[in-house]
Amino acid sequence: MIRMNSIIEAVGAALHAEFGEDCTVYAEESKQGLETPCFFISCINPSDRQLMGNANCHFLASRYYRENRFCIQYFPHDKNNGRQESYDVTERLFDCLEEINVDDNLLRGTTMQFEYVNGVLSFFVSYNFFVYKTREPTLMGELKRDVNTNPF
């Protein structure tokens, strides 16, 4: 099963492949010592919902749709020309985050958008997929029955 940390690692690998050693990628908050330019990856508002079928469809009862919305923040190197630098980075993010490889599964990034506020670029992308959860069947207990064949 695909895990959220695996997606974060795959996004980090895609960013590293596109931007190389020039940009540091953080998955945890860094209170101090933030070296720019850098990226910060976080998952926001993940959700998981069960697909419902009719009463006879046991297959759908085990299927879920998992929605994972990610925010990749970019802190530019040049604060004076941060907007231009961020727009250039945005174009590259649209390409490098379109598909990522997560545990030998290809995930497609959807609903990509960005905003530039207070000198920081926030790039949003969703990686949504279906999950099949297997459950141990509930077995019936033992049944004993006494049968009397004598009608009288």
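We now turn to the structure provided with this report.

Rules used in this analysis
Here the residue numbers are simple positions, counted from 1 along each chain's written sequence. Note on the predicted model: pLDDT of at least 70 is required for a residue's local features to be given, and 80 or more for side-chain atom pairs to be given and counted; whole-chain, interface and lining totals, by contrast, use all residues. As a rule here, side-chain values cover all heavy atoms of the structure and leave hydrogens and water aside. Each residue gets one of three labels from its accessible area relative to the maximum for its type: buried under 20%, exposed over 50%, partly exposed in between, using a 1.4 Å probe on protein chains only. Under the DSSP-based scheme used, a helix requires at least four consecutive residues in state H or I and a strand at least two consecutive residues in state E, with every element numbered from the N terminus. Think of it this way: DSSP has to see at least two bridges between two strands before they count as a pair. Note on aromatic pairs: the rings of Phe, Tyr and Trp (six-membered ring only in Trp) are paired at centre separations within 6.5 Å, and the planes decide the class, stacked below 30 degrees, edge-to-face beyond 60, tilted for the rest. The rule for a charge over a ring is simple: NZ of Lys or CZ of Arg within 6 Å of the ring centre, and within 35 degrees of the ring normal. Every case where a carboxyl oxygen of Asp or Glu lies within 4 Å of a side-chain nitrogen of Lys or Arg is listed as a salt bridge. Only buried residues count toward a nonpolar core. Its members are Ala, Val, Leu, Ile, Met, Phe, Trp, Tyr and Cys residues joined through side-chain atoms within 4.5 Å. In this description, contact between two residues means that some pair of their heavy atoms is separated by no more than 4.5 Å. As used in this structure description, the phrase polar contact means that two N or O atoms lie within 3.5 Å; if the pair is within protein, one of them must be able to donate a hydrogen and the other to accept it, and residues adjacent in sequence are counted only when both atoms belong to side chains. To obtain an axis, a line is fitted to C-alpha atoms, over the contacting stretch when the element is a helix, and the angle between two such axes runs from 0 to 180 degrees between their N-to-C directions. Angle categories: roughly parallel below 35 degrees, roughly antiparallel above 145, roughly perpendicular from 65 to 115, and oblique for all the rest. By the definition used in this description, the sense in which the near helix is turned from the far one sets the handedness, with an anticlockwise turn below a right angle giving left-handed and a clockwise turn giving right-handed. Just so you know the grouping, Ala, Val, Leu, Ile, Met, Phe, Trp, Tyr, Cys and Pro go in nonpolar, Asp, Glu, Lys and Arg go in charged, and all remaining residues, Gly too, go in polar.

**Concerning the pairing of strand 8 (residues 129–132)**
Then, number 1: Of the two faces of strand 8, the one lined by F129 and V131 is fully buried and the one lined by F130 and Y132 carries no buried residue.
Then, number 2: Across 4 bridges, the pairing between strand 3 (residues 63–75) and strand 8 is antiparallel. Directly across from R63, in strand 8, lies its bridge partner Y132.

**Here we look at the packing of aromatic side chains**
Then, number 1: All told, the structure shown has 8 aromatic pairs when counted by the stated rule.
Then, number 2: Aromatic pair Y87 and F114: ring centres 6.0 Å apart, planes at 70 degrees, arrangement edge-to-face. One end of the pair, Y87, is in helix 3 (residues 82–96); the other, F114, is in strand 6 (residues 110–117), with 27 residues separating them in the sequence.
Then, number 3: With relative accessibility at 36%, the residue Y87 sits in the partly exposed group.
Then, number 4: Ring geometry for F94 versus F114: centroids 6.4 Å apart, planes at 80 degrees, classification edge-to-face. Of this pair, F94 sits in helix 3 while F114 sits in strand 6, and the two are 20 residues apart along the sequence.
Then, number 5: Of the residues examined, F114 reaches a relative accessible area of 35% and is grouped as partly exposed.
Then, number 6: Within the aromatic cluster, the residues linked to one another by ring pairs are Y87, F94, F114, Y116 and F123.
Then, number 7: Note that R63 overlies the ring of F130, its terminal NZ or CZ placed 4.7 Å from the centroid.

**Observations regarding the pattern of salt bridges**
Between side chains of opposite charge, a pair can form as their charged atoms come close.
Then, number 1: Applying the stated rule across the entire model yields 5 salt bridges.
Then, number 2: Of the charged contacts in the structure, one is a salt bridge between D48 and R66, with a shortest N-O distance of 3.4 Å. Here D48, found in strand 2 (residues 38–50), pairs with R66, found in strand 3; they are 18 residues apart in sequence, far enough to count as distant.
Then, number 3: We classify D48 as partly exposed; its relative accessible area is 35%.
Then, number 4: Among the residues examined, R66 registers a relative accessible area of 17% and is labelled buried.
Then, number 5: One salt bridge connects E98 with R108, and the closest N-O pair in it is separated by 3.1 Å.

**Considerations on the nonpolar core**
Then, number 1: Membership of the largest hydrophobic core comes to 29 residues, with the highest contact counts inside it found for I7, L15, I72, L93, L97 and I100.
Then, number 2: The element that contributes the greatest number of residues to this core is helix 1 (residues 4–19), accounting for 7 residues.
Then, number 3: Ignoring any residue separated from it by four or fewer positions in sequence, one finds I72 in contact with V11, L15, F39, F40, I41, L97, L121, S122, F123 and V125.

**A look at the environment of T90**
Then, number 1: Secondary-structure assignment places T90 in helix 3.
Then, number 2: On a C-alpha basis, the gap between T90 and I41 in space is 15 Å, while along the polypeptide they are 49 residues apart.
Then, number 3: Setting aside residues up to four positions removed in sequence, T90 forms contacts with F114, L121 and F123.
Then, number 4: A polar contact of 2.8 Å, which involves the side chain of T90, links it to the backbone oxygen of S86.

**Some remarks on the packing of helix 1 against helix 3**
Then, number 1: It is at 10 Å that the axes of helix 1 and helix 3 come closest, and there the two elements cross at 125 degrees. The pairing of helix 1 with helix 3 is recorded here as oblique in orientation. Helix 3 is crossed by helix 1, and the crossing has right-handed handedness. Packed against helix 1, whose contacting residues are A14, L15, E18 and F19, the element helix 3 presents V89, R92, L93 and C96 at the interface.
Then, number 2: The class makeup of the residues in the contact of helix 1 with helix 3 is 6 nonpolar, no polar and 2 charged.

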